[in-house]
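# Geometric and topological summary
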Amino acid sequence: MPHLTVTGAGTAVGMGVGVPGYAHPLLAPAEWAELARPGAPVHWAVLDVAGGPGDRPDPHCRRAARRLRRAGVRLLGHIGLAGGARPYEEVVADADRFLDWYQVDGYYMDSCPTERTDLPGVRRIAATLETLGDGEVHLVLGHGAHPYPGYAETADQLVTFSGPWDEYRWSQAAPWTADYPADKFVHLVHGVPRTHLEEALRVARWQGAGTVFMTDHRARPGHNDPFQALPGYWDEIVSRIGRGVSE
């Protein structure tokens, strides 16, 4: 199983943070400001205006996007695939709007299917999105669980875990992931107590995840997504996996 080198005080060399989508910049100004903080080990952040790019450009999101670009942080547009049920044309139209309005660096394809039968459709979408824009397009498939192995050749990164700490701490990486480097995989974990943060990062290292998001917020019925707010121990995350993190 691939794992990240550990040096000194539990610092993970090569590990960084992927932010799956903070709340709107008006509702979460501190969160968006922290993404542009010098030295923060942010690999990428997802912009979700209104379940996608919205119907028109949002000036507040545009300002946040410009700030991240100046800080050198990769910005990804949030595109929902609805488990593979969304029409190809709708997905591409969302991607075009994200690029035109916010100059995104790539896309986070949420609710991405995991089955082999859906792979051709996802490959078609990914191949089209890679041709948009003038530069490199970073694609993240938001499965939330281990997909059929063929998806690994379709995008830059796969989210192979998204869920609560109580499940994550006992989880296992699929054997086929050992054939890929750690920068291929993303783990998103909520409900991680501060006292278990080091253990959670250790699980990520030994399962071969190079990009993570850990938060102490929990998923509760009727409440916002636990990933939309800044973790209470953000400074500790930055100190543990930051400073000189390579892409």
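Here goes a summary of the coordinates provided. (Residues numbered from 1 in each chain as written. Predicted model: local features only at pLDDT ≥ 70, side-chain atom pairs only at ≥ 80, totals over all residues. Heavy atoms only, no water.)

Turning to helix H2 (residues 59-71), a few remarks are in order. Over its 13 residues, H2 extends 19 Å from the first C-alpha to the last, a length consistent with the 18 Å expected when each residue adds 1.5 Å. Those residues of H2 that sit buried are Cys-61, Ala-64, Ala-65 and Leu-68. Down the axis of H2, the buried set is contained in an arc of 100°. They therefore lie on one face. Between a side-chain oxygen at the N-terminus of H2 and the backbone nitrogen of His-60 the separation is 2.8 Å; the capping residue is Asp-58. Downstream of H2 by a residue or two, Gly-72 has a phi angle that is positive, lying close to 80°. (Helix = DSSP H or I, 4+ residues; strand = E, 2+ residues; numbered from the N terminus. Expected span 1.5 Å × (residues − 1). Buried < 20%, exposed > 50% of the residue type's maximum accessible area, 1.4 Å probe, protein only. Arc of directions from axis to C-beta. Polar contact = N/O pair within 3.5 Å; in protein donor to acceptor, adjacent residues only side chain to side chain.)

Turning to unusual backbone geometry, a few remarks are in order. Its identity is not glycine, yet Gln-103 carries a phi of approximately 50°, on the positive side. Among the secondary structure elements, Gln-103 is positioned in the loop between helix H3 (88-102) and strand E6 (106-110). The backbone of Ser-111 shows a phi angle near 50°, a positive value even though the residue is not glycine. We classify Ser-111 as partly exposed; its relative accessible area is 37%.

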